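# Coordinate inspection notes
Now for the letters of each chain:
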Amino acid sequence: MVPERVRDRKGFTLIELLVVMVIIGLLAALVGPRLFGGLGKGKQSAAKAQIEMFGQALDQFRLDVGRYPTTQEGLTALIQSPGVENWQGPYLKKVVVPNDPWGKPYQYMSPGTNGEYDLFSYGRDGVQGGDGEDKDVVSWQ
C-alpha cells in the first residue's frame, strides 16, 4: 500500500517538465523560421502593391495636369494641389503619403533615370541593393 502523503501529491516531476520544454523548443526551432520568413515576403508584396497604387495615382495626375509631379513636388502633389492648373485631386484616399512597410518614405524622382518617373523603396535595410527583405522594390520592374 502507498502511503497517503505520496498518493495525494499532484503535479509534474522535474523530468516531465524538462521533456516538455525540450519538445516545445524543438518545435519552435523548426516552425519559427518558416513563419517569420514569410513576414519579409509579405512586406515586399505590400511595397509592390503600394508602388502600383502610387503609379495609378501618378497616371491620373498626368492625365489631368499634362505631366507627372516634379521631384520637388513629390508624392505630396497627389494629395495637395501643388498650385498647377487642372489639378483634380486628391488622387490618393489617404490624407498623408504612406511610408513603405518598413516605415521609411518612398523615393520619387521625375524625370527618372528608368522612365518618366522613378518610384522605389530601398527595402528593410534602407540602402540601395540587397537581397531578400533588403531588396529594393522599384516601379520599373
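One structure accompanies this document, and this report is about it. (Residues numbered from 1 in each chain as written. Predicted model: local features only at pLDDT ≥ 70, side-chain atom pairs only at ≥ 80, totals over all residues. Heavy atoms only, no water.)

Let's shift gears to the packing of aromatic side chains. Summed over the entire model, instances satisfying the criterion amount to seven aromatic pairs. Their ring planes at 70° and their centres at 5.8 Å tell us that Phe 61 and Tyr 91 sit as a pair that is edge-to-face. Here Tyr 91 lies in the loop between helix H2 (14-65) and strand E1 (107-109) and Phe 61 lies in helix H2, a separation of 30 residues in the sequence. Residue Phe 61 is classed as buried on the basis of its relative accessible area of 0%. Accessibility expressed as a relative area gives 14% for Tyr 91, which makes it buried. Taken together through their ring pairs, the aromatic side chains of Phe 61, Trp 87 and Tyr 91 make up a single cluster. (Phe/Tyr/Trp six-rings, centres within 6.5 Å; stacked < 30°, edge-to-face > 60°. Helix = DSSP H or I, 4+ residues; strand = E, 2+ residues; numbered from the N terminus. Buried < 20%, exposed > 50% of the residue type's maximum accessible area, 1.4 Å probe, protein only.)

Turning to its location among the elements, Ser 110 is positioned in the loop between E1 and strand E2 (118-121). There is a polar contact of 3.3 Å between the side chain of Ser 110 and the backbone oxygen of Pro 69. There is a polar contact of 3.2 Å between the side chain of Ser 110 and the backbone oxygen of Glu 116. Beyond its immediate sequence surroundings of up to four residues, Ser 110 is in contact with Tyr 68, Pro 69, Thr 70, Thr 71, Glu 116 and Tyr 117. (Polar contact = N/O pair within 3.5 Å; in protein donor to acceptor, adjacent residues only side chain to side chain. Contact = heavy atoms within 4.5 Å.)

This part is about the sheet that holds E1. Across the sheet, three strands lie side by side as E1-E2-E3; this open sheet has antiparallel pairing. The sheet is open, and its two borders are formed by E1 and strand E3 (137-138), each paired with just one other strand. (Pairing = 2+ DSSP bridges.)

Another aspect to go through is the side chain of Glu 73. Mapped onto the elements, Glu 73 comes out in the loop between H2 and E1. A distance of 2.9 Å separates a polar atom in the side chain of Glu 73 from the backbone nitrogen of Thr 70. What Glu 73 contacts, discounting residues up to four positions off in sequence, is Arg 67, Pro 82 and Val 84.

Tracing the backbone through its elements, the reader meets Thr 76 in the loop between H2 and E1. For Thr 76, a relative accessible area of 40% gives the class partly exposed.

Once that is clear, we can look at the pattern of salt bridges. On inspection of all chains with the given rule, the structure shows two salt bridges. Here Arg 62 and Glu 116 are joined by a salt bridge, their closest N and O atoms 3.7 Å apart. In this pair, Arg 62 sits in helix H2 while Glu 116 sits in the loop between E1 and E2, placing the two residues 54 residues apart along the sequence. (Salt bridge = Lys/Arg side-chain N within 4 Å of Asp/Glu carboxyl O.)

Note that the residue after Gly 89, namely Pro 90, is joined by a cis bond; omega there is 5°. Note that Pro 90 resides in the loop between H2 and E1. Residues Ser 110 and Pro 111 are joined by a peptide bond in cis, for which omega reads 5°. Mapping Pro 111 onto the fold places it in the loop between E1 and E2. Phi at Asn 86 is positive, roughly 70°, even though this residue is not glycine. With respect to the secondary-structure elements, Asn 86 resides in the loop between H2 and E1.

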